[in-house]
Amino acid sequence: MSDREKCPAFKTSIGGQALMEGILMRGPEKEAIVVRKPDGTLEEKVESVTSPKDKFAPFGWPIIRGSVNFVDTMIKGVKALTYSASFLPEEDAEPDKVDKWIEKHFTAEKAQKIIIGVSVVIGLVVSVGLFILLPTILAGLFYNAMESRILRNLIEGVIRIVIFLLYMILASKMKEIKRVWMYHGAEHKTIFCYEAGLPLTVENAKSQPRLHPRCGTSFMIIVMVVSILVFSVVNVESVWLRMALRLALLPVTVGISYELIKYAGRHDNWFTRIISAPGKALQLITTKEPDDDMLEVAIRSLELVKPEVAGSDAW
């Protein structure tokens, strides 16, 4: 039994992301991707962790670090997804014209960077358009009929949350996404097992909860709620100006939400239980009970990123 497994329960800073037939796990010093290949064996990739604040100190300041870490996590997440998808059985479909053009004009390494960069930009544009700008436009249809600024922003926030929930529910109908969310459940159960100080075995992890307060899903729903409060400072008639101001205030919204979820992860009181509740409820959709093979992947990925000094990964 390792030193860590002899320690009492604690809260770890280790976190992860579910991939296509695999898991990305990040620790304080290393990050690891473990993928279950079609032949049943595990493919492992371990790299040193570089934090944005290591490159530029202000990136680690409160509020600012929220947006910076969000973008950094998104870029690394897309890279990890691309890597995990490379082990899936290849389809016989012909590559499209864009793929052919990229392959013709760039090296494989450069092409991958371009594809990842475009994917991140498209993801950000779609997310902002669907969850920020579209609710502003739809709420604008009722804007003149309501005199209360609070009511206007509340309705816009409700529309934003409804769109987000519908998006998640529709995504859950896809077979591939269901398996990703099973790996998501495996990630949470394994982290809970580690935090409880139990040996990292499939049986121990299987008995753990799958709803975790520091999940990225919880972060997204907190962003939705915080946006209602932050956007309340905007009171202009023009829908276009409102959208521009929403975009300008988005880094503030993300920054505040990041600080809230960090606080909720470190404390257990009535306030943190309240702000964690919506995210845990949403995790009923975005996490599913994993099978034993998925738990093995999660356990292996966590083992690869555990720090050598016990407790140095405390949250």
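Worth saying up front: this structure is predicted, and the values here are computed from it rather than measured.

Asker: Could you give an account of the overall build of the chain, naming the residues involved and the relevant values?
Answerer: In terms of helices and strands, the chain carries 12 helices and four strands. Long-range pairs, those at least 24 residues apart, make up 71% of the contacts in the chain between residues at least 6 apart in sequence. With the model as given, the accessible surface of the chain reaches about 16,900 Å², and the carbon-plus-sulfur share is 64%.

Asker: Explain the packing of aromatic side chains residue by residue, including any values.
Answerer: Within this structure, the stated rule accounts for seven aromatic pairs. Their ring planes at 85 degrees and their centres at 5.5 Å tell us that F131 and Y167 sit as a pair that is edge-to-face. You can see F131 sitting in helix 5 (residues 108-140) and its partner Y167 sitting in helix 6 (residues 149-171), a full 36 residues away along the chain. Of the residues examined, F131 reaches a relative accessible area of 8% and is grouped as buried. Here the aromatic residues F131, F164 and Y167 are joined through ring pairs into a cluster of three or more. The residue whose ring lies beneath K45 is Y83, and the NZ or CZ to ring-centre distance is 4.6 Å.

Asker: Explain the pairing of strand 1 (residues 15-19) residue by residue, including any values.
Answerer: Pairing geometry for strand 1 and strand 2 (residues 22-26), over five bridges, is antiparallel. Bridged to L19 within strand 2 is G22. Between strand 1 and strand 2, which pair antiparallel in sequence order, lie two residues; one of them, E21, sits at a positive phi of approximately 55 degrees.

Asker: Give me the pattern of salt bridges: which residues, what numbers.
Answerer: One pass over the structure, following the stated rule, counts 18 salt bridges. Measuring nitrogen to oxygen at the nearest pair gives 3.1 Å for the salt bridge that ties E296 to R36. Of this pair, E296 sits in helix 12 (residues 292-305) while R36 sits in strand 3 (residues 30-36), and the two are 260 residues apart along the sequence. A salt bridge links E43 to K37; the nearest nitrogen and oxygen atoms lie 3.4 Å apart. Taking relative accessible area as the criterion, K37 reaches 23% and is therefore assigned partly exposed. Beyond isolated ion pairs, a larger network of salt bridges with shared partners links R36, D293 and E296.

Asker: Help me get a handle on the side chain of S276, residues and values and all.
Answerer: Structurally, S276 is set in helix 11 (residues 270-286). S276 sits in the buried class, given a relative accessible area of 5%. Not counting residues up to four positions away in its chain, the partners in contact with S276 are P213 and A264.

Asker: Any chance you could break down the packing of helix 7 (residues 175-195) against helix 12 for me, citing the residues and the numbers?
Answerer: At a minimum axis separation of 8 Å, helix 7 and helix 12 run at an interaxial angle of 50 degrees. In terms of their interaxial angle, helix 7 and helix 12 are classed as oblique. Classified by chirality, the crossing of helix 12 by helix 7 is right-handed. Every residue of helix 12 that contacts helix 7 at R179, M182, Y183, A186, E187, K189, T190, I191 and Y194 is listed here: M294, L295, V297, A298, I299 and L302.

Asker: Account for helix 7, with residues named and values stated.
Answerer: Under the 1.5 Å per step criterion, the end-to-end length of helix 7 is 31 Å for 21 residues, consistent within 8% with the ideal 30 Å. Counting buried residues along helix 7, 16 of its 21 residues qualify, which places the element largely inside the surrounding structure. Looking at the residues trailing helix 7, positive phi occurs at G197, about 80 degrees.

Asker: With reference to specific residues and values, describe the pairing of strand 4 (residues 42-48).
Answerer: For strand 3 and strand 4, the ladder comprises seven bridges, and the chain directions are antiparallel. Across the sheet, residue R36 finds its bridge partner in strand 4, namely L42. Adjacent in sequence and paired antiparallel, strand 3 and strand 4 are bridged by five residues, among which G40 carries a positive phi angle near 95 degrees.

Asker: Can you explain the sheet that holds strand 2? Please cite residues and give values.
Answerer: Taken in spatial order, the four strands of this open sheet run 1-2-3-4, and their pairing is antiparallel. Edge positions in the sheet fall to strand 1 and strand 4, since each has one partner strand and no second. Across the sheet, the axes of successive neighbouring strands diverge by a mean angle of 15 degrees, strand direction being ignored. Packing of helix 7 onto the sheet brings it into contact with strand 1, strand 2 and strand 3, and relative to strand 1 it is tilted by some 160 degrees. Each of strand 2, strand 3 and strand 4 touches helix 12; the most contacted strand, strand 3, lies at about 155 degrees to it.

Asker: Help me get a handle on the environment of D293, residues and values and all.
Answerer: Mapping D293 onto the fold places it in helix 12. Under the relative-accessibility criterion, D293 is labelled partly exposed at 42%. Taking C-alpha positions, D293 is 9.9 Å from E21, a pair spaced 272 residues apart along the chain.

Asker: Before we move on, can you summarise unusual backbone geometry with the specific residues and values?
Answerer: Of note in the backbone geometry, E21 takes a positive phi value of approximately 55 degrees without being a glycine. Residue classification places E21 among the buried residues on the basis of a relative accessible area of 18%.

What counts and what doesn't
- Residue positions are given per chain, counted from 1 along the sequence in the order it is written.
- Given that this is a predicted model, residues contribute local features only at a pLDDT of at least 70 and side-chain atom pairs are listed and counted only at 80 or more, while totals for whole chains, interfaces and linings are drawn from all residues.
- Side-chain metrics in this entry use all non-hydrogen atoms of the structure; hydrogen atoms and water are not considered.
- Only runs of H or I of at least four residues qualify as helices and only runs of E of at least two qualify as strands under DSSP, and these elements are numbered from the N terminus.
- By definition, residues are in contact when any of their heavy atoms lie within 4.5 Å.
- In this description, accessible areas are obtained by the Shrake-Rupley approach with a 1.4 Å probe, and a residue is regarded as covered only by the protein chains that are shown.
- The rule is short: rings of Phe, Tyr and Trp, with Trp giving its six-membered ring, pair when the centres are within 6.5 Å, and they are stacked under 30 degrees, edge-to-face over 60, tilted in between.
- Burial classes follow relative accessibility: with a 1.4 Å probe on protein chains only, a residue under 20% of its type's maximum area counts as buried, one over 50% as exposed, and anything between as partly exposed.
- Two limits define a charge over a ring: the Lys NZ or Arg CZ must be within 6 Å of the ring centre, and within 35 degrees of the ring normal.
- Only strands joined by at least two bridges in the DSSP assignment are considered to pair.
- Any carboxyl oxygen of Asp or Glu within 4 Å of a side-chain nitrogen of Lys or Arg constitutes a salt bridge here.
- Fitted lines through C-alpha atoms give the axes, limited to the stretch in contact for helices. The angle between two N-to-C directions lies from 0 to 180 degrees.
- By definition in this entry, angles of less than 35 degrees are roughly parallel, angles greater than 145 are roughly antiparallel, angles of 65 to 115 are roughly perpendicular, and the rest are oblique.
- Here is the rule for handedness: rotate from the far helix to the near one, and if that takes an anticlockwise turn smaller than a right angle the crossing is left-handed, while a clockwise turn gives right-handed.
- An expected span of 1.5 Å times one less than the residue number is assigned to each helix.

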